[in-house]
Amino acid sequence: MTGLVIVGHGTRSAAGVDQFAALVERVRRRGDVGDVEGGFIELSRPPLTDAVGALVARGHRALVALPLVLTAAGHGKGDIPAAMAREQERHPGLSYRYGRPLGPHPLLHDALEERIDAALAGADRAGTALAGAVQADTVDRAGTWVALIGRGSTDPDANAEVAKVARLLWEGRGYAGVEPGFVSLASPSVPAVLERLRRLGARRIVVAPYFLFAGVLPDRIVAQSAEFAAAHPDLDVRVAEVIGDCDALADLVRERYAEALGGDIRMNCDTCAYRVLMPGFADKVGRPQRPHDHPDDPVGHHHHHGHDHGHAHDHGSVAVVGGGPGPDDLITVRGKALLDAADVVVVDRLAPQGLLAGLRPDVLVVDAAKVPRGPSMAQEAINAALVSHARAGRRVVRLKGGDPYVFGRGHEEVQACTAAGVPVTVVPGVSSAIAAPALAGVPVTHRGVAHDVTVVSGHLPPGHPDSLVDWAALARARGTVVLLMAVDTIAKIASVLIEHGRAPETPVLAVQDAGQADQRSVPARLDEIGAVATREDIRPPAVFVLGPVVALSTTGPTV
């Protein structure tokens, strides 16, 4: 018979570890699931690798891996599959079928109902009712409100499942109402739910932790409920037990095992934030599956989780986002979604500043401006800020003007994050090298006119020892040349290009503040552009485009 490995997240609570072990033993004693082992992906012993190794040692080459989690969030969608993939590398020929998370399920709803009834009967989690308790047999459900408190996740699909369970628990069971809430990472919080119920007129509330086993977060629910009850002595507030090791949970494990064997797992992918772009969660789309490092796993001894933030496991990430050429509405859809989800925004001077006004009030904005001939934030300081905020568990957006990989030093920031072990992604932007000419009516390529375009940084003049540009070769080219950061060097550049063969009459267009209300375009010949730029007081940000395509401009000069 196919072996079963029950995979838990792990907890620092000894009681929680004992309850997990008791459930594994309960399933094993039943004898109808075959060979059974259980292990954790982090924090607790035994590690998953030991559980899989034990089954393999007993001859199993095909397993069912069952995630012992209530909702389909990051652990079930990414962490556990990645950990099992690592076990397959360790045990060549090993295959496994993956079970689906436990909830929502009627067996769990019935178990929750039993825990709520037990709390109403006086078996409160804290030993006694927290305030104003009445005896069990005088309590009726019609006068009882339930606060169903889940773990909370940065995965909206998982949070929605808790809300679904709350509704299913309410329907047909006679409670005055059931309101969902979360103890970590999501809203509403425990105190917020209790306050909502109080304002709805509740006088008796049972706080029902939607947790399998004891742990730090269920203890936090008790503490926050007790604190609220003490501040509102007119309320009867009680806390139910967690679901815990029980026959109903073992029955559900067996059911999920049978589903996996039969290939019937019915995963819901329609609202999965890792597959579908959900508003505010663009950073999750396509995120790779990575295993957690368990301290007792040979590959994981170097990595330990403090988790004073409540086991978020979204350890923070950085998105290097190109904001486009300046206008707020020229950022990409994915870039805007990441910005909306950000906790910290490290922003450049040339990034679309108007987008900052739409950020949530709690978002930290870090000014990383580099002002020509003015104050600037050192690149090393920018790198350090990205890493430190991500390591603090925050979603960081590095918002840059144009495209981060076109003279934006974006890859330096990616390298810094990668070296620090911080997850990082890049979102391309519309480069001003293409956008500025286009906004001035100039195509950088055109059939029969220009078949090549060269984008050049002009921040160093020709002849500078650090310049990497072959200006002589550039002068011999016939296509379009786009110069960025060349306001101070355009006269010298034009002179060298002419010296090496570019026609003096080559048309040039200077485009300043592209896309903004005060955008202006100043035309000139190549042999005149230096003087014209000085006379017209061209200032950064400005782009110079030169070549025959300039003659195709559909708009006149806007001086």
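Below, the structure is looked at part by part. Keep in mind that this is a model prediction, so the values were computed, not measured.

## Quick look at the environment of Ala510
Move 1: Residue position: Ala510 is located in strand S16 (residues 507-512).
Move 2: For the pair Ala510 and Arg539, spaced 29 residues apart in sequence, the C-alpha separation works out to 10.0 Å.

## Let's talk about the packing of aromatic side chains
Move 1: By the definition in use, this model includes 3 aromatic pairs.
Move 2: Note on Phe20 and Phe40: the rings are 4.3 Å apart at their centroids and 40 degrees apart in plane angle, and the pair reads as tilted. Taken together, the positions of Phe20 in helix H1 (residues 14-30) and Phe40 in strand S2 (residues 36-40) put the pair 20 residues apart, joining distant regions of the chain.
Move 3: By relative accessible area, Phe40 is classed as buried at 4%.
Move 4: Judged by centre distance (6.3 Å) and plane angle (90 degrees), the rings of Phe20 and Phe213 are edge-to-face. Remark: Phe213 occurs in the loop between strand S7 (204-209) and helix H7 (216-231) and Phe20 occurs in helix H1; sequence separation between them is 193 residues. Across the pair, exposure class does not vary: Phe20 and Phe213 are buried alike.
Move 5: In textbook terms, an aromatic cluster arises when at least three aromatic residues are bridged by ring pairs, as seen for Phe20, Phe40 and Phe213.

## Thoughts on the sheet that holds strand S8 (residues 236-239)
Move 1: Across the sheet, 4 strands lie side by side as S6-S5-S7-S8; this open sheet has parallel pairing. At either end of the open sheet lies a strand with only one pairing partner, and these are strand S6 (177-182) and S8. Mean inter-strand twist for the sheet, computed between neighbouring axes without regard to direction, equals 20 degrees.
Move 2: Strand direction decides the pairing type here: S7 and S8, joined by 4 bridges, are parallel. Bridge pairing in S8 places Ile205 opposite Val237.
Move 3: Set on the sheet, helix H4 (residues 106-120) makes contact with strand S5 (145-150), S7 and S8; between it and S7 the angle comes to about 140 degrees.
Move 4: Against the sheet, H7 engages S5, S7 and S8, with an angle of about 170 degrees to S8.

## Digging into the packing of helix H10 (residues 379-391) against helix H11 (residues 410-419)
Move 1: It is at 9 Å that the axes of H10 and H11 come closest, and there the two elements cross at 45 degrees. For the element pair H10 / H11, the angle class is oblique. In this structure, H10 crosses over H11, and the sense of that crossing is right-handed. Contacts between H10 and H11 pair Gln379, Ile382, Asn383, Leu386 and Val387 from the former with Glu412, Glu413, Ala416 and Cys417 from the latter.

## Observations regarding H10
Move 1: When the terminal C-alpha atoms of H10 are compared, their 18 Å separation across 13 residues agrees well with the 18 Å that a helix rising 1.5 Å per residue should span.
Move 2: Along H10, the positions that sit buried rather than exposed are Gln379, Ile382, Asn383, Ala385, Leu386, Val387, His389 and Ala390.
Move 3: Where the residues of H10 are buried, they touch strand S9 (317-322), strand S10 (344-347), strand S11 (364-367), strand S12 (395-400) and H11.
Move 4: At the C-terminal side of H10, Gly393 shows a positive phi close to 90 degrees.

## Here we look at the pairing of S6
Move 1: Within S6, 5 of the 6 residues are buried, which leaves the element mostly enclosed by the surrounding structure.
Move 2: Here S5 runs beside S6; their pairing, made up of 6 bridges, is parallel. What sits directly across from Ala147, in S6, is Glu179.
Move 3: With helix H5 (residues 156-170) bridging S5 and the parallel S6, this β-α-β connection has right-handed handedness.

## So, the sheet that holds S12
Move 1: Spatially, the 5 strands line up as an open sheet ordered S11-S10-S12-S9-S13, and their pairing is parallel. The outermost strands of the open sheet, each flanked by one partner alone, are S11 and strand S13 (424-427). Averaged over neighbouring strand pairs, the angle between their axes works out to 20 degrees when direction is ignored.
Move 2: Here 4 bridges tie S9 to S13, and the two strands are oriented parallel to one another. Note on S13: the bridge partner recorded for Val321 is Val427.

## Some thoughts on the environment of Leu235
Move 1: Position of Leu235 among the secondary structure elements: in the loop between H7 and S8.
Move 2: The class for Leu235 is buried, based on a relative accessible area of 0%.
Move 3: In this structure, the C-alpha to C-alpha distance between Leu235 and Ala202, residues 33 residues apart in sequence, is 7.7 Å.

How each quantity is defined
- Note on numbering: residues in each chain are counted from 1, in written sequence order.
- Where totals are concerned, whole chains, interfaces and linings use all residues; where local detail is concerned, this predicted model gives features only for residues with pLDDT of at least 70, and gives and counts side-chain atom pairs only at 80 or more.
- Here the side-chain values reflect all heavy atoms present in the structure, with hydrogen atoms and water set aside.
- We count a stretch as a helix when DSSP gives it H or I for four or more residues in a row; a strand needs E for two or more, and each element gets its number in order from the N terminus.
- Each Phe, Tyr or Trp ring, with Trp reduced to its six-membered ring, pairs with another whose centre is within 6.5 Å; inter-plane angles below 30 degrees give stacked pairs, above 60 give edge-to-face pairs, and intermediate values give tilted ones.
- Residue burial is assigned from relative accessible area. The probe radius is 1.4 Å, only protein chains are included, and a residue is buried under 20% of its type maximum, exposed over 50%, and partly exposed in between.
- Being paired, for any two strands, means DSSP has found at least two bridges between them.
- As a rule, the C-alpha atoms of each element are fitted with a line to give its axis, helices using only the stretch in contact, and angles between N-to-C directions run from 0 to 180 degrees.
- Residue contacts are counted whenever heavy atoms from the two residues lie within 4.5 Å of one another.
- Throughout, the term roughly parallel applies to angles under 35 degrees, roughly antiparallel to angles over 145, roughly perpendicular to angles from 65 to 115, and oblique to all others.
- Two helices that cross are described as forming a left-handed crossing if the nearer one is turned anticlockwise from the farther one by less than a right angle, and a right-handed crossing if clockwise.
- Helix span, expected: 1.5 Å multiplied by one less than the number of residues in the helix.
- Convention used here: a crossover is right-handed provided that the path from the first strand, over the helix, to the second strand proceeds clockwise when the strands point away from the viewer.

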